Amino acid sequence: MLRRFFLLCFSGLVISVKAVHAEATIAFGSSVGAVNLTSTGAVMDSRFSFELGCFAAGFVPTRDNTGQWQAHWQAFPDGTAAYRTDYLGAPFPAEHRLNSFAGTTLVLNNTLPFASGVPVYLWGYDRRTAAGAAEWILVTAPSWVCPDGSSVNPAVSYAVANATTAIVGTINQGGIEMRTAAVALSPDPESFANWQGRLFGEGQGNAGNELTLWGALADPDQDGRPNLMEYFLGTDPRYLDGAELSGPFADAGAVVMRYRRSALTTEVFGGMEWSGDLTHWSQSGLSESVLTQDGASALIEVRLTSPPMGAAYFRLKVEQ
């Protein structure tokens, strides 16, 4: 019997299997042209920002633990949107404004705290403060949970109009879509390193961003005050929120300056210096006193008791 054998050869054929992970796109925002107010009845303005995010596992935000929110909060990447009050323009009436915020973010994976099914919240605020007074609103709904990435566009509306619960503030009542609540937080001293980590999060670990984002000399909001100065003053380096500074003015033969600084800083010190020629600076002849203090900040008065006959210039110097 003649047997024939055939050898079938495959050359250069490579079969590979690639796992595909869908990126879940989350859209969030509020209604255009809505009525949104603060706790005092003032119209919400562009000082407000809104973040979409989650709290750490096991932490449940309430009206009674607002002082712990920031330590447990994590916003989605690109999950921050500014509240805008721009005029809508034609064909809308001339006085109509946006009065809203809108943003999108991608859920690339489900690493903590963004595990599938974790509750999602919208947090609005005029300032993210560790102490003192602020205007906040925190809203959610049972359907607001972190998607697992299996759907490119989850069928969930993360919009204020569809929120069902306001932990702080009120929503969708009496023709008002949002109304913030006044929040007063107890002071808690914070180191510069912790302050950097709280405000800049994972970005702090990127050495390439040190000079532009999180470093002591960086100025991310480009207001002329580096981060170390913002920490000393108690202002937010991510937004243009001007420091309280007044003067110089004359008082009983002295030249007076006033500024407000944080009462919660550690590891830094600072104060006013003066110069008659913008070259040689000194604290000689200056005296500082605390005019008022509320636990979170202090209003400082600086007096130059024997001013020169010519010009006197002042600057605030902060050192770590």
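Residues numbered from 1 in each chain as written. Predicted model: local features only at pLDDT ≥ 70, side-chain atom pairs only at ≥ 80, totals over all residues. Heavy atoms only, no water.

## Details of the overall build of the protein
Part 1 of the argument: Looking only at helices and strands, the protein has 4 helices and 18 strands in total.
Part 2 of the argument: Within the protein, contacts between residues at least 6 apart in sequence are counted, and of these 65% link residues at least 24 apart.
Part 3 of the argument: In the structure as shown, the protein presents an accessible area of about 17800 Å², 55% of it carried by carbon and sulfur atoms. (Helix = DSSP H or I, 4+ residues; strand = E, 2+ residues; numbered from the N terminus. Contact = heavy atoms within 4.5 Å. Areas by Shrake-Rupley, 256 points an atom, 1.4 Å probe, with all protein chains shown as cover.)

## Some details on the confidence of the model for the protein
Part 1 of the argument: Confidence along the protein averages 82 in pLDDT terms, with 84% of residues attaining 70 or more.
Part 2 of the argument: Under a pLDDT of 50 for its full length, residues 1-22 has, in the predicted model, 9 contacts with residues more than four places off or in other chains. (pLDDT = per-residue confidence, 0-100.)

## As for the packing of aromatic side chains
Part 1 of the argument: Scanning the entire structure with this criterion turns up 17 aromatic pairs.
Part 2 of the argument: Considering the side-chain rings of Trp-69 and Trp-136, the 5.5 Å spacing of their centres and the 20 degrees angle between planes classify their relative orientation as stacked. Taken together, the positions of Trp-69 in helix α1 (residues 69-72) and Trp-136 in strand β7 (residues 132-140) put the pair 67 residues apart, joining distant regions of the chain. Like Trp-136, Trp-69 is buried.
Part 3 of the argument: Among the aromatic residues, those joined into a ring-pair cluster are Phe-55, Phe-59, Trp-69, Trp-73, Tyr-121, Trp-123, Tyr-125 and Trp-136.
Part 4 of the argument: For Arg-97, the ring lying beneath its charged end belongs to Tyr-87, and the centroid distance is 4.0 Å. (Phe/Tyr/Trp six-rings, centres within 6.5 Å; stacked < 30°, edge-to-face > 60°. Buried < 20%, exposed > 50% of the residue type's maximum accessible area, 1.4 Å probe, protein only. Lys NZ or Arg CZ within 6 Å of the ring centre and 35° of its normal.)

## Remarks on the sheet that holds strand β13 (residues 245-251)
Part 1 of the argument: Read from one edge to the other, the open sheet built from 4 strands follows the order β13-β14-β17-β16, with strand pairing classed as antiparallel. Looking at the sheet topology across the chains shown, the edges are occupied by β13 and β16 (286-293). Across the sheet, the mean angle separating the axes of adjacent strands is 25 degrees when strand polarity is ignored.
Part 2 of the argument: Examined bridge by bridge, β13 and strand β14 (residues 254-262) share 5 bridges and lie antiparallel to one another. Looking across to β14, one finds that Phe-249 is bridged to Val-256. (Pairing = 2+ DSSP bridges. Axes fitted to C-alpha atoms, helices over the stretch in contact; angles between N-to-C directions.)

## Focus: the side chain of Glu-177
Part 1 of the argument: Along the polypeptide, Glu-177 turns up in strand β11 (residues 176-179).
Part 2 of the argument: Setting aside residues no more than four positions away along its own chain, Glu-177 makes contact with Ser-30, Ser-31, Ala-34, Val-35, Asn-36, Val-160, Ala-161, Thr-170, Ile-171 and Asn-172.

## Some points on the environment of Gln-283
Part 1 of the argument: Of note, Gln-283 is situated in the loop between β15 (269-275) and β16.
Part 2 of the argument: On the accessibility criterion, Gln-283 (47% relative accessible area) is partly exposed.
Part 3 of the argument: Taking the C-alpha atoms as reference points, Gln-283 and Met-272, separated by 11 residues in sequence, lie 7.0 Å from one another.
Part 4 of the argument: Dropping the residues within four chain positions of it, Gln-283 is found in contact with Gly-271, Met-272 and Glu-273.
Part 5 of the argument: Within the structure, the side chain of Gln-283 is placed 3.3 Å from the backbone oxygen of Met-272, a separation counted as a polar contact. (Polar contact = N/O pair within 3.5 Å; in protein donor to acceptor, adjacent residues only side chain to side chain.)

## Details of the nonpolar core
Part 1 of the argument: Core analysis: the largest hydrophobic core is formed by 28 residues, its most contacted members being Phe-76, Phe-101 and Met-178.
Part 2 of the argument: Of all the secondary structure elements, the ones that give two or more residues to this core are β1 (24-29), β3 (49-55), β4 (73-82) and β7.
Part 3 of the argument: Among residues more than four places away in sequence, those in contact with Phe-76 are Ile-26, Leu-52, Gly-53, Cys-54, Thr-105, Val-107, Phe-114, Val-120 and Cys-146.
Part 4 of the argument: Phe-232, Val-268, Ile-300 and Val-302 belong to the second-largest nonpolar core, a separate cluster that totals 23 residues. (Core = buried A, V, L, I, M, F, W, Y, C linked by side-chain atoms within 4.5 Å.)

## Quick look at the sheet that holds β1
Part 1 of the argument: The strand order β5-β1-β8 describes an open sheet built from 3 strands, whose pairing is mixed. Strand pairing shows two members of the sheet lacking a second neighbour, β5 (102-107) and β8 (158-159), which therefore form its edges.
Part 2 of the argument: The sheet contact formed by β1 and β8 spans 2 bridges and is parallel. Looking at β8, one finds that Gly-29 is bridged to Ala-159.

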